[in-house]
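# Observations on the model geometry
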Amino acid sequence: DNALITFSCWGPIVTFELWGITYLQQWHHSSTFEAATAIIYMWVGIGISSPIVGWWSNHIASRKIPMICCALLSIASSLAILYLPHQSWYLMYTCLFLLGCSAASQP
């Protein structure tokens, strides 16, 4: 279970960190700077949501529920990034932010 959850949370983060800029350049015909700026939203999501998810898991006295919720959020946001047609930059920023939030269960 832990390996599957870890893969679903951090697998898309690592993959998108490596190839996300190229993907966004081709998807939105953008510059390297614009694509890299979009990737930053993913890391902002991790930074903001990690303490919140940690507090939540302590508050409900369960580690499993937040990890499952974050894994589902990761899958949903990854699918939205890859398969929603004609996204605006604002929707892409939101999806990348949520993808970052989904990785918060690991720290």
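Residues numbered from 1 in each chain as written. Predicted model: local features only at pLDDT ≥ 70, side-chain atom pairs only at ≥ 80, totals over all residues. Heavy atoms only, no water.

Moving on, we get to the nonpolar core. One finds F16, L24, M42, I81 and L96 to be the most contacted residues of the largest nonpolar core, which totals 17 residues. Residue assignment for this core shows that the elements contributing at least two residues are α1 (2–28), α2 (32–60), α3 (64–83) and α4 (89–102). The contacts of F16, once residues within four sequence positions are left out, are I21, Y23, L24, I39, M42, I81 and L96. (Core = buried A, V, L, I, M, F, W, Y, C linked by side-chain atoms within 4.5 Å. Buried < 20%, exposed > 50% of the residue type's maximum accessible area, 1.4 Å probe, protein only. Helix = DSSP H or I, 4+ residues; strand = E, 2+ residues; numbered from the N terminus. Contact = heavy atoms within 4.5 Å.)

Right, let's talk about the packing of aromatic side chains for a bit. Any two aromatic rings considered together are summarised by their centre-to-centre distance and by the angle between their planes. Inspection of the entire model under this criterion finds six aromatic pairs. Seen in terms of ring centroids, W10 and W43 are 6.5 Å apart; in terms of plane orientation they differ by 45°. Their pairing is tilted. One end of the pair, W10, is in helix α1; the other, W43, is in helix α2, with 33 residues separating them in the sequence. Here W10 falls in the partly exposed class, since its relative accessible area comes to 24%. Through pairs of rings, three or more aromatic residues link up here, namely W27, Y41, W89, Y90 and Y93. (Phe/Tyr/Trp six-rings, centres within 6.5 Å; stacked < 30°, edge-to-face > 60°.)

Let's shift gears to the side chain of S57. Positionally, S57 belongs in helix α2. By relative accessible area, which is 7% here, S57 ends up buried. With sequence-adjacent residues up to four places away left out, S57 is seen in contact with S62, R63 and P66.

Together, I68, L72, I75, L79, L82 and Y83 make up an exposed nonpolar region whose accessible area comes to about 610 Å². Examined against the element boundaries, I68 turns out to sit in helix α3. When its relative accessible area of 36% is taken as the criterion, I68 is described as partly exposed. (Patch = residues over 30% accessible without salt bridge, like charges linked within 9 Å, V, L, I, M, F, W, Y side chains within 5 Å. Areas by Shrake-Rupley, 256 points an atom, 1.4 Å probe, with all protein chains shown as cover. Salt bridge = Lys/Arg side-chain N within 4 Å of Asp/Glu carboxyl O.)

Over its 20 residues, α3 runs 28 Å from end to end, which matches the ideal 28 Å to within 8%, given 1.5 Å per residue. Every buried residue of α3 is accounted for by P66, M67, C70, A71, S74, S77, S78, A80 and I81. Among the structural elements, α1, α2 and α4 are those in contact with the buried residues of α3. (Expected span 1.5 Å × (residues − 1).)

Here M92 is to be found in helix α4. Those residues in contact with M92 that lie beyond four places of it in its chain are L24, W27, I81 and Q87.

Now for the environment of Q87. Relative to the helices and strands, Q87 resides in the loop between α3 and α4. A relative accessible area of 5% means that Q87 is categorised as buried. On a C-alpha basis, the gap between Q87 and I21 in space is 16 Å, while along the polypeptide they are 66 residues apart. Aside from chain neighbours lying at most four places away, what touches Q87 is W27, H28, A80, I81, M92 and C95.

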